[in-house]
Structures are given as structure tokens and as C-alpha cells.
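# Close look at the chain arrangement
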Amino acid sequence: MGAAVGFGILGPLARFASDAGFTAVSFALWRATASATALVVFLALGVALGRVPTRRLTAIGRLEWLQLLAMGAFVAGTTISLFFAFERTTIAAALIVFYTFPVWVALAAAPVFGEHLGPRKLAAMALSGVGLVLLLASPSEAEDGAIDLIGVGLALAASLCQTGFALVGAGGFRSVPPLQSAALLRTFSLLIYLLALVPLLILLGQGATITDPLGSVEAWMLILTAGVLGAAIPAVLIISGYRRVGPTRGAVLMLVEPVTGVFLAALLLAEQPTLLQLAGGLLVLIGAALVQLAPVSRPAPETQPATE
């Protein structure tokens, strides 16, 4: 739940960053830089003090490297999609759509982890579907009076990336301790920004958007808060949590995030969701929780995917 609270502050921070002159891409880039730097520093200090276990990089298997690279891509995809969604629609709507991901985790866990969907899970997923329809059909207090469908699509893309993160994070790169794993995957995520997004911005003549907002103390406070409290620390916690309780149980604990995000949006940004949106969001979250809490049937141990 600590990871959920940490990630939950990102909605308001993204809105404050937009007001401070950051674009979704530039804020995601600087957040990734701050989080990767913080994790490398934490790791170096932990190793120097003899408190943090690590695995030699040459001892990490090829499959584990591929899994860590995939996790970096999922992090980048989730962040960029969600930050763009925050720019186009309300934080409440974006988070509610994003948090359909426990349903996708449950669906994917059937073939990946051998879990079987039963009537309860199917009914719970139908409940989430009804909630999503209510959310999209209800009027909004956004400026144009309607939910932005592009924003919803971006939030859904972030949800699918988070599904991949949960599935790979629960069973992948088991030989690599959580802090080292978080440092590596966040570094890979940063490399994606540097090698793909930054050159694209420069080619589009938008390179100045990367550095222009950095002239104030407020901008650096936003970067450090988002990078350390909203990325680095939650990254370690979420990997540890998924490994302990698995992707499905971990996903239901992450439902604390939208509660945190919507509460902070109402408190700090005066974004008040409508009653229909609250009802739809509640159905989405209840359905997602029921999907995770419904009994599951697992195959015999010998048919489980091997982990290190």
C-alpha cells in the first residue's frame, strides 16, 4: 500500500508541473532522471554500508535482462500515457480508467499463471464494465462538460502497460534483489526517454520544452518530489509487494492509489467528481477488487511456471 500512496501523488504533481510550464514528456523525463539517480544513490549507499544485497551484473541471466528491459518499457509507457491523460481529462476519470488494470491482470493470469476464471470473476468484470460505461456517459465538470475520449484512451493504454508490469514483476528476474531491480528498470526507462523521446522533441522543434521550465525552485521541488516520493521509493516497494503476494493480490492493494489521487485532486485542485462519476468509479473499483478476491483454482505445482 505504501507504493500505492506514493504513486497516488502523481496526478496533482503532474497538474502542478503543467502549470509550471512542463509538458507531459518533459516532466516524465525529469521525473525518470530523478528517480533513477535516487535509486542508484540508495543502492550505492546500501552496498557501501553492507546493508543491501546485490547480484553481479554478469550473473544476471539473459531472460532476466530481457524482463528488466521490458519493465523499463512498461514504466515509460505507463508514465507517458498517464501524464498525457492527466492533461486531457480530470485526474479522477484518468485514475478510474487506469484502475481497470486489475481486471486485465486477472484475465492474463489465467494463461500465464494457470489461474482459472470462474463465475464470480466474470460477474465482477461485468460490474467494472458497467461502472466504466457510467463514468464515460456521465457529464463532467471539465471545461468542455464532457469526458475527453482521447484522455480515456491514454489512461487505458497506461492500464495495459501497468498490467504487463504486474505480470512480469511478480515472476521475473527473481535473482535480482528489489532495490537493484528498481534501479536497473528505472535506468532502462530513462534510456527510452533519452534515446527515443528527446530526439523526437528536438526534431519537432520542441527541444526547449525540456529545459525551459527549470528556472525556478518550484520546478526542482516538483521534480524531486515526483522522482523520489512518487517513483523511486514506490518502485522498490511495488516489486517487493508483487513478489510477496503475486500480481493479483498486489493489484487489489494498489487500489489505494486512485483513492489517494482523487482525494488530493479534490483537496488541492478543487476537482470535484460528479455523483454519476463517483458511482461509476465505485463500481469499477469494487469490480476490480472482487476480481482479485474471488477464489482461484491453480494447477498442480509441477505445471506452475518455473521461477528462479
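Because the structure is a prediction, the values reported are computed rather than measured.

### Things to note about the confidence of the model for the protein chain
Here the protein chain averages 80 in pLDDT, while 75% of its residues score no lower than 70. When the criterion is pLDDT under 50, residues 141-145 qualifies, and its contacts beyond four places in sequence or with other chains add up to five contacts. Scored below 50 in pLDDT, residues 296-308 makes 20 contacts in the model with residues more than four places away or belonging to other chains.

### A word on unusual backbone geometry
For F173, which is not a glycine, the phi torsion comes out positive at approximately 40°. Inspection of the secondary structure assignment puts F173 in the loop between α8 (149-171) and α9 (178-203).

### Comments concerning the environment of A289
Mapped onto the elements of the fold, A289 is located in helix α13 (residues 275-293). Sequence spacing of A289 and P102 is 187 residues, and the spatial spacing of their C-alpha atoms is 7.6 Å.

### Considering the packing of aromatic side chains
Taken as a whole, this structure holds seven aromatic pairs when the rule is applied. Between W65 and F188, the ring centres sit 6.1 Å apart and the planes meet at 65°, which makes this aromatic pair edge-to-face. On the criterion of sequence distance, the pair formed by W65 in helix α4 (residues 62-88) and F188 in helix α9 is long-range, its members being 123 residues apart. Residue W65 is classed as partly exposed on the basis of its relative accessible area, which comes to 24%. Among the aromatic residues, those joined into a ring-pair cluster are F22, F27, F83 and F86.

### Re the pattern of salt bridges
One pass over the full model with this rule turns up one salt bridge. Here R88 and D148 are joined by a salt bridge, their closest N and O atoms 3.1 Å apart. Residue R88 is found in helix α4, and its partner D148 is found in the loop between α7 (119-137) and α8; the two are separated by 60 residues along the sequence. Under the relative-accessibility criterion, R88 is labelled partly exposed at 41%. Exposure remark for D148: the relative accessible area of 15% places this residue in the buried category.

### Examining α8
The end-to-end C-alpha separation of α8 is 34 Å, in line with the 33 Å expected for 23 residues at 1.5 Å each. The opening residue of α8, the one whose side-chain oxygen lies 3.0 Å from the backbone nitrogen of I150, is D148. Once α8 ends, the next one or two residues include F173, with phi positive near 40°.

### Points about the nonpolar core
With 71 residues, the main nonpolar core has F22, F83 and F86 as its most contacted residues. Residue contributions to this core peak at twelve residues, all from helix α3 (residues 24-48). F86 has contacts with L10, G11, A14, R15, I91, A94 and L95, leaving out every residue within four places of it along the chain.

### Thoughts on the packing of α4 against helix α5 (residues 91-98)
Two numbers describe how α4 lies on α5: the axes approach to 9 Å, and their chain directions differ by 145°. For the pair α4 and α5, the contacting residues are T78, L82, A85 and F86 in the first and I91, A94, L95 and F98 in the second. Partitioning the contact of α4 with α5 into residue classes produces seven nonpolar, one polar and no charged.

Parameters and conventions
- Residues numbered from 1 in each chain as written.
- Predicted model: local features only at pLDDT ≥ 70, side-chain atom pairs only at ≥ 80, totals over all residues.
- Heavy atoms only, no water.
- pLDDT = per-residue confidence, 0-100.
- Contact = heavy atoms within 4.5 Å.
- Helix = DSSP H or I, 4+ residues; strand = E, 2+ residues; numbered from the N terminus.
- Phe/Tyr/Trp six-rings, centres within 6.5 Å; stacked < 30°, edge-to-face > 60°.
- Buried < 20%, exposed > 50% of the residue type's maximum accessible area, 1.4 Å probe, protein only.
- Salt bridge = Lys/Arg side-chain N within 4 Å of Asp/Glu carboxyl O.
- Expected span 1.5 Å × (residues − 1).
- Polar contact = N/O pair within 3.5 Å; in protein donor to acceptor, adjacent residues only side chain to side chain.
- Core = buried A, V, L, I, M, F, W, Y, C linked by side-chain atoms within 4.5 Å.
- Axes fitted to C-alpha atoms, helices over the stretch in contact; angles between N-to-C directions.
- Nonpolar A, V, L, I, M, F, W, Y, C, P; charged D, E, K, R; others polar.

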